[in-house]
Protein chains: 4
Amino acid sequence: MGRTYEIVPERYWTVFGRNEPAARAASGDTITLNTRDAWGFDEQNQPLPDPEWSKGNEPDVLRCNPLIGPIYVEGTEPGDTLAVRIEDIVLNRPSAWSALHARFGSLTGEGLNRSMLLNEPLELVVYNWRLDLERMTGTLSLDKSSVREVTIPLDPFIGSIGVAPRFGRVESSLVPGEYGGNMDTPETRKGATIFLPVSATGAYLYLGDIHAAQGDGEMCGAALETTAKVTIGLEVIKKNIDWPRLKDRDFIMTVGSTRPLEDAIGIAAFELVKWLVDEYGFDKWEAWQVISQVASIRIGNICDPNYTAVLKYPKKYLDKH
Amino acid sequence: MGRTYEIVPERYWTVFGRNEPAARAASGDTITLNTRDAWGFDEQNQPLPDPEWSKGNEPDVLRCNPLIGPIYVEGTEPGDTLAVRIEDIVLNRPSAWSALHARFGSLTGEGLNRSMLLNEPLELVVYNWRLDLERMTGTLSLDKSSVREVTIPLDPFIGSIGVAPRFGRVESSLVPGEYGGNMDTPETRKGATIFLPVSATGAYLYLGDIHAAQGDGEMCGAALETTAKVTIGLEVIKKNIDWPRLKDRDFIMTVGSTRPLEDAIGIAAFELVKWLVDEYGFDKWEAWQVISQVASIRIGNICDPNYTAVLKYPKKYLDKH
Amino acid sequence: MGRTYEIVPERYWTVFGRNEPAARAASGDTITLNTRDAWGFDEQNQPLPDPEWSKGNEPDVLRCNPLIGPIYVEGTEPGDTLAVRIEDIVLNRPSAWSALHARFGSLTGEGLNRSMLLNEPLELVVYNWRLDLERMTGTLSLDKSSVREVTIPLDPFIGSIGVAPRFGRVESSLVPGEYGGNMDTPETRKGATIFLPVSATGAYLYLGDIHAAQGDGEMCGAALETTAKVTIGLEVIKKNIDWPRLKDRDFIMTVGSTRPLEDAIGIAAFELVKWLVDEYGFDKWEAWQVISQVASIRIGNICDPNYTAVLKYPKKYLDKH
Amino acid sequence: MGRTYEIVPERYWTVFGRNEPAARAASGDTITLNTRDAWGFDEQNQPLPDPEWSKGNEPDVLRCNPLIGPIYVEGTEPGDTLAVRIEDIVLNRPSAWSALHARFGSLTGEGLNRSMLLNEPLELVVYNWRLDLERMTGTLSLDKSSVREVTIPLDPFIGSIGVAPRFGRVESSLVPGEYGGNMDTPETRKGATIFLPVSATGAYLYLGDIHAAQGDGEMCGAALETTAKVTIGLEVIKKNIDWPRLKDRDFIMTVGSTRPLEDAIGIAAFELVKWLVDEYGFDKWEAWQVISQVASIRIGNICDPNYTAVLKYPKKYLDKH
């Protein structure tokens, strides 16, 4: 049931929308893709030919996150759900970069056409993390601190995955929304399935922006940015959802992306109540009571144009999973 | 070093500030207190004599959270830090209540003098959780759902703990701030030490509002509200902090409380950078890079007048703890 | 210099972006357009053929605001500014509607894929304002109030005017942003010139959504929605701006659109400082001081997906205008 | 009816609350007070004896706004309304200062225990405005701009006026809230009456912080800070309100103070609907419709710990005033 193949892109996109498909797929297919990092470097550290950052200039954040896609999924209609099983994320480069950006990130003034601070902007600093792909650790040397080196476990995930937005809207690949997008949340790791609301015939799936590891909120504006060989499985489901949902072994999860952050949590909570009522037999207010006592909140990002919150409900408090 | 004793309060307070001390203590003391729940009921389920909720009326949320205190700590001056070791939290009542409030809670319109919705308010619903204090579980029967019953592990913590605020300010005990207060975060559990900035000679410590368990954000506006016998140890530290900090076995943590929620995280992040620089030998920007990759965010509450976020930094990425 | 002509659209758009041009124009042209109202009704109160609201159903807010355009403006390049002089707005229908929406508007829970309230949604109520186009007044009969009738002066303006957004992004025509869009601010009235940042060769100008009058914030989610014959003059300016700007007889103005509202004001303030420095000879911090004492803030909308604020600086405090 | 007298304070307060009364007054009294400016300088430019800023140091913003009071108003009970008629504000110093603060103000990072930016803070710059008290103008010389001088009309108002907050809470005099406080809105000018909700027997009225002029939002964090001889008339009204209200010749107004700014507008709008329903015979939803079309929004401040919005409803759309 379903084919298995690789998609080798001819170009990359920094938007979500109904662009020329890189491939056509069907429900049941298993697909492998080799992603580039958030500035377009591949697993050999070779840049994309054209952008400014290849020339050593400050990257234009709105041109970041080159994605593979779109994958046109046959048989999907607006109102369907596209389930993407994340079969594997195999890191394939022994390095990841992170950065301190001017005018991007949580504590350094806001960026992305939203400059709002009269203070002088910061200068770009790039941090190079060495990845040990056997031990699955990342190591950063610190030049100026008494702690000389930090070594952390890797937990790779897809930073950016989404479909064509509603109403023909096509966002920067830095923006998360009801179509998924640049959610930058560790929950989109190997073993999870993400459910995306289909708004266009064909769905138009994109993905990229692998993070080898990341703290909550991606606060400085960049994670351990690297490349991977990603394998996904597609399934078309004939039911309607309004915002992305996730399942893994232990949790069902809803995702909201907006500003301010409490509203992103609000979206996720509203959707989780609806999910428990519609599919798990809960009364609305009893669902709300139980959620309030057992759900955990994962902050995906608080640096992108919309902030992302994931509400995680343990499967053990469901009758069926 | 230090005495061990119990404080039996003659009255309870629903404010933080320089009120008549319930007791005088000193650095090194170990103190036991029997708390009442957020509506003033004790471990026998006996109410406080006077409030409206004892008569079955909708509780006035600003009169909630009756606290024990203030404890006047000898030898503290403004600019000091009061460290409170949470030695033990022994639940002592086989029941906890939770509730759906009108005009209080995250998804039902905001309350507390901040009514902003023209929709009709909801009606109060009280949920009774049965606590098994041996197995440390809480059970709620669901009348209207296909899941008939939910049983969850208990993880008791102090919902509200704080000192007199800066500049004579005295808040409702529902409000968290730079003085601690109603942070409603599970990190103030047994084994943790909370560090509070002292703004008044004597510090004026209050605590109460035990939660037997709670999901992130306390989203419906109430946790598993119950009573406990709490044991704390006090230590006065001659150094200055601006916002509460926490330590437990695995983490050092900073706490921010304000609105919107991203600003609460911002406060905690700013304070964590400062802490790593001042006491752990980090360079400012290297601290920020490492925090961005290893810190996790716990959302304490998004229902109180200020929202609370805790930023957790693993001790294993420090030279010393 | 420049032609004068009318554009009669064959279709309407509810997005901004690089769609098939309705007309090609040049710098210096004067253009007349007959707009439809926010639900697509024309000056004879005839609906668009297809949408749900024509059948009496609750309108889908994301399908609202059918716009005329796009106008492809010859000779514009990304980085240019398109100046649109609003020569005239002639109301041409003796009625306007307004409405109370379920899940749309400031005090009734937020809509537009952002449902976040568990309270029951409201029911749609439509209000019919009678327009006296000679006296330029609007009158609403009140059935349930002791005030039986309210008559207000009309102050017609263009609710929605914008160009193709940056990076190929195409938004719902309900959304304002750096491209202009659904700003819903009375400052885009007859006599004003709006300056829009050009992000696509040809600019792709759209407009529509005439409001006969509106209070600040468009708080219930709808103004006095009606139709007009609009005349605009186009000019291409070879300079770069990041966000929309406005000029009228008395003010120069900057516009920001985002959430939360203070950030929209922040964008407008940052842009106003930059404008005073770049073109009016001000020192940055002196500009900020004077702005703080003389500028006024107009809140355009607080109901759309991004909120809009306009910062107004009196021309009399400039050397030249 | 009522006495007329002056209150000469022995000390000033930088908090709101039930402190030792400076005077006892009664409904009907007319009172004159000579205020100090926001850093404590009097009309001779003499400082208060002790604070840091007298010594030339960066002022501690939380010690700013020394107020006269409290005035204990005989016969007021919690649940009453205290009406304060602003009879006159006579400026009495030929100078006003304004300032660019480090860590205070809208576009330079947030202050007041809320530092959240890793950028370097700014340095304090003080601006001296010369006041012509006959022509009622203020003039600032600009050293670094091509505009050499700006002269603006004065429109003096009381920046900070409030009573003891609910529940014994006592805030910094920089903070606005449901008790009034540091609203920093030009609507509290001569001729206006402010209605404050009484939460303590005696009301405990404070005022100070005269602004000779100010733009909307007080964006840099300071207005034209000066001194005045203020005359007020007091009246106790036996009815209950939840947030401050204002009346002047042309408008009835409601005031909300919180964060984010849209919530401050939300509070004001909720209160205005309630006011129109309770006292002016409006149906709730018709009130909401008319407010949406005729009300204007004045942004008082977006620099203080709570932001302040005033919703202005023209009296001409009421049956009675």
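Computed from a prediction, not measured in an experiment: that's the story for all the values here.

Reading the values: rules and limits
- Residues numbered from 1 in each chain as written.
- Chains lettered and ligands numbered in written order.
- Predicted model: local features only at pLDDT ≥ 70, side-chain atom pairs only at ≥ 80, totals over all residues.
- Heavy atoms only, no water.
- Pairing = 2+ DSSP bridges.
- Helix = DSSP H or I, 4+ residues; strand = E, 2+ residues; numbered from the N terminus.
- Axes fitted to C-alpha atoms, helices over the stretch in contact; angles between N-to-C directions.
- Contact = heavy atoms within 4.5 Å.
- Expected span 1.5 Å × (residues − 1).
- Buried < 20%, exposed > 50% of the residue type's maximum accessible area, 1.4 Å probe, protein only.
- Buried area = accessible area lost by both parts, 1.4 Å probe.
- Salt bridge = Lys/Arg side-chain N within 4 Å of Asp/Glu carboxyl O.
- Polar contact = N/O pair within 3.5 Å; in protein donor to acceptor, adjacent residues only side chain to side chain.
- Least-squares fit on C-alpha atoms with pLDDT ≥ 70 in both.
- pLDDT = per-residue confidence, 0-100.

So, on to the sheet that holds strand β16 (residues 228-237) of chain C. Residue and element names in this part refer to chain C. Pairing within the open sheet is mixed, and its 9 strands lie in the order β1-β3-β16-β5-β13-β17-β18-β20-β19. Every interior strand has two partners, whereas the edge strands, β1 (4-7) and β19 (296-301), have only one. Mean inter-strand twist for the sheet, computed between neighbouring axes without regard to direction, equals 25 degrees. Bridge count for strand β17 (residues 245-247) against strand β18 (residues 251-258) is 3 bridges, and the pairing is antiparallel. Across the sheet, residue L246 finds its bridge partner in β18, namely M253. Along the sheet face, helix α1 (residues 261-280) touches β17, β18, β19 and β20 (307-314) and points at about 140 degrees away from the line of β18. Along the sheet face, helix α2 (residues 284-294) touches β19 and β20 and points at about 100 degrees away from the line of β20.

Now for the sheet that holds strand β19 (residues 296-301) of chain B. All names here are of chain B. The sheet built from 9 strands is open, its strands ordered β1-β3-β16-β5-β13-β17-β18-β20-β19 with mixed pairing. Bordering the open sheet on either side are β1 (4-7) and β19, each of which pairs with just one other strand. Averaged over neighbouring strand pairs, the angle between their axes works out to 25 degrees when direction is ignored. Pairing analysis gives 8 bridges linking strand β18 (residues 251-258) to strand β20 (residues 307-314), with the strands arranged antiparallel. By the bridge assignment, I252 is partnered in β20 with Y313.

Here we come to helix α1 (residues 261-280) of chain B. Residue and element names in this part refer to chain B. Taking 1.5 Å per residue as the helical rise, α1 with its 20 residues ought to reach 28 Å, and the 27 Å between its terminal C-alpha atoms agrees with that figure. Among the 20 residues of α1, 16 are classified as buried, and the element is accordingly described as predominantly covered. Trailing α1 by a residue or two, G281 shows a phi angle of about 75 degrees, which is positive.

Listed per partner, the contact involves 59 residues of chain A and 59 residues of chain B. Of the roughly 4900 Å² buried where chain A meets chain B, counting both sides, 65% is carbon and sulfur surface. On inspection of chain A and its partner chain B, the count reaches 0 salt bridges. Breaking the side of chain A that touches chain B down by element, the ones donating at least two residues are β6 (95-100), β7 (125-132), β9 (149-153), α1 (261-280), α2 (284-294), β19 (296-301) and β20 (307-314) of chain A. In terms of residue count, α2(A) provides more of the side of chain A that touches chain B than any other element does, 9 residues in total.

This paragraph deals with unusual backbone geometry. Looking along the chain, the bond that leaves R259(B) and enters P260(B) is cis, with omega of -10 degrees. Here P260(B) shows up in the loop between β18 and α1. With an omega of -5 degrees, the peptide bond running from G69(C) to P70(C) counts as cis. Note that P70(C) resides in strand β4 (residues 68-74). At D184(D), a position not held by glycine, the phi torsion is positive, near 50 degrees.

Moving on, we get to the side chain of D29(C). Residues and elements named next belong to chain C. Turning to its location among the elements, D29 is positioned in the loop between β2 (23-26) and β3 (30-34). Taking relative accessible area as the criterion, D29 reaches 3% and is therefore assigned buried. A distance of 2.9 Å separates the side chain of D29 from the backbone nitrogen of A26, its partner in a polar contact. Ignoring any residue separated from it by four or fewer positions in sequence, one finds D29 in contact with G2, R3, Y5, I232, G233 and L234.

Take the pairing of strand β8 (residues 137-141) of chain C next. All names here are of chain C. Burial within β8 is extensive, with 4 of its 5 residues counted as buried. By the bridge criterion, 3 bridges tie strand β7 (residues 125-132) to β8 in an arrangement that is antiparallel. Bridged to R130 within β8 is T139. Two successive antiparallel strands, β7 and β8, enclose a turn made up of 4 residues, where M136 displays a positive phi of approximately 55 degrees. Bridge count for β8 against strand β9 (residues 149-153) is 5 bridges, and the pairing is antiparallel. Bridging across to β9, T139 finds its partner in T151.

Let us look at the relation of the copies chain A and chain B. Screw-axis analysis of chain A against chain B gives a translation of 0.0 Å along the axis, an RMSD of 0.0 Å, and a rotation angle of 180 degrees. Expressed as an axis order, the relation between the two copies is that of a two-fold axis. Among all residues of chain A, the one whose C-alpha sits closest to the rotation axis is L261(A), at a distance of 2.9 Å. With an isologous cut-off of 70% or more, the 100% of interface residues of chain A that recur at the interface of chain B puts this contact in the isologous class.

A few words now on the confidence of the model for chain A. Looking at chain A, pLDDT values average 90 and 90% of them are 70 or higher. Taken over the whole predicted complex, pTM reads 0.92, whereas the ipTM for its chain interfaces reads 0.95.

Residues and elements named next belong to chain D. Burial analysis of strand β10 (residues 157-162) places 6 of its 6 residues in the buried class, the great majority of the element. When β10 meets strand β14 (residues 203-211), the two strands line up antiparallel, connected through 5 bridges. Bridge pairing links I161 to L207 in β14. Sheet analysis places β10 next to strand β12 (residues 180-181), joined by 2 bridges and oriented antiparallel. Of the residues in β12, the one forming a bridge with I161 is G181.

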